[in-house]
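Residue-level listing of the chains:
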Amino acid sequence: MNIEWYIVLSSLLFAVGATGILIRRSPVVILLCLELMLNAGNLALVAFSRMVGNQQGQVFAIVVMVVAACEVVVGLGLIVAIFRRKLPLDVDELRELRG
C-alpha cells in the first residue's frame with residue numbers, strides 16, 4: 001500500500017479532531033478530539049518512518065503516546081475535580097477562573 005493513503009487518512013483524522021475541538025463545548029469530547037489529532041500525527045510519523053526505512057519515527061510515535069497518556073490523566077483529573085465542585089462543565093463558562 002502506498003504512503004499516500006496513510007497520509008490522506010492521517011489528514012482526515014486530524015481534520016475531524018480539529019473540527020471536534022472547534023465545535024464541541026464539553027471538556028471530555030475536547031480531550032477525545034485532541035487524542036484523535038495526536039493519533040493522526042502518530043500515523044503520519046509511522047508512515048514516513050516506513051517510507052524512509054528507519055525506526056526513528058516509530059520510536060517518536062511511542063514517546064508521543066506516552067505524553068498523550070499523561071495528558072489524558074491530567075485532563076480527566078481536572079474534569080473530575082470540576083464535576084465534584086458542581087461547577088458547569090461548559091468550556092465557555094469555565095473560561096473565567098474564579099476562586
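Above: the structure in question.
Now for a quick tour of the structure. (Residues numbered from 1 in each chain as written. Predicted model: local features only at pLDDT ≥ 70, side-chain atom pairs only at ≥ 80, totals over all residues. Heavy atoms only, no water.)

Check the secondary structure of the chain and you find three helices and zero strands. In sequence order, the secondary structure elements of the chain are arranged as α-α-α. Just so you have it, the chain exposes about 7300 Å², and 71% of that area is on carbon and sulfur atoms. Taken as two groups, the 8 positive and 7 negative side-chain charges of the chain have centres that lie 7 Å from each other. (Helix = DSSP H or I, 4+ residues; strand = E, 2+ residues; numbered from the N terminus. Areas by Shrake-Rupley, 256 points an atom, 1.4 Å probe, with all protein chains shown as cover. Lys, Arg positive; Asp, Glu negative; His and termini not counted. Charge placed at Lys NZ, Arg CZ, Asp CG, Glu CD.)

Judged by side-chain polarity, Val59, Phe60, Val63 and Val67 come together as a nonpolar surface patch covering roughly 370 Å² of accessible area. Looking at the secondary structure, you find Val63 in helix α3 (residues 56-84). (Patch = residues over 30% accessible without salt bridge, like charges linked within 9 Å, V, L, I, M, F, W, Y side chains within 5 Å. Salt bridge = Lys/Arg side-chain N within 4 Å of Asp/Glu carboxyl O.)

On to the environment of Gly41, then. Examined against the element boundaries, Gly41 turns out to sit in helix α2 (residues 27-52). Given the relative accessible area of 31%, Gly41 is considered partly exposed. (Buried < 20%, exposed > 50% of the residue type's maximum accessible area, 1.4 Å probe, protein only.)

With respect to the element layout, Ser10 can be found in helix α1 (residues 3-23). Residue classification places Ser10 among the buried residues on the basis of a relative accessible area of 7%. With near-sequence residues (within four places) excluded, Ser10 lies in contact with Ala40, Gly41, Leu43 and Ala44. (Contact = heavy atoms within 4.5 Å.)

Moving on to the environment of Leu38. By the secondary structure assignment, Leu38 is in helix α2. By relative accessible area, Leu38 is classed as partly exposed at 28%. Sequence-wise, Leu38 and Glu4 are 34 residues apart; in three dimensions their C-alpha atoms are separated by 19 Å. Setting aside residues no more than four positions away along its own chain, Leu38 makes contact with Val64, Ala68 and Glu71.

Interhelical geometry of α1 versus α2 gives an angle of 165 degrees and a closest axis separation of 8 Å. Put simply, α1 runs roughly antiparallel to α2. Here α1 runs over α2; the crossing is left-handed. From α1, Ile3, Tyr6, Ile7, Leu9, Ser10, Leu13, Phe14, Val16, Gly17, Ala18, Gly20 and Ile21 reach across to α2, where they touch Ile30, Cys33, Leu34, Leu36, Met37, Ala40, Gly41, Leu43, Ala44, Ala47, Phe48 and Met51. Partitioned by chemical class, the residues of the contact of α1 with α2 number 20 nonpolar, four polar and no charged. (Axes fitted to C-alpha atoms, helices over the stretch in contact; angles between N-to-C directions. Parallel < 35°, antiparallel > 145°, perpendicular 65-115°, else oblique. Left-handed = near helix turned anticlockwise from the far one by under 90°. Nonpolar A, V, L, I, M, F, W, Y, C, P; charged D, E, K, R; others polar.)

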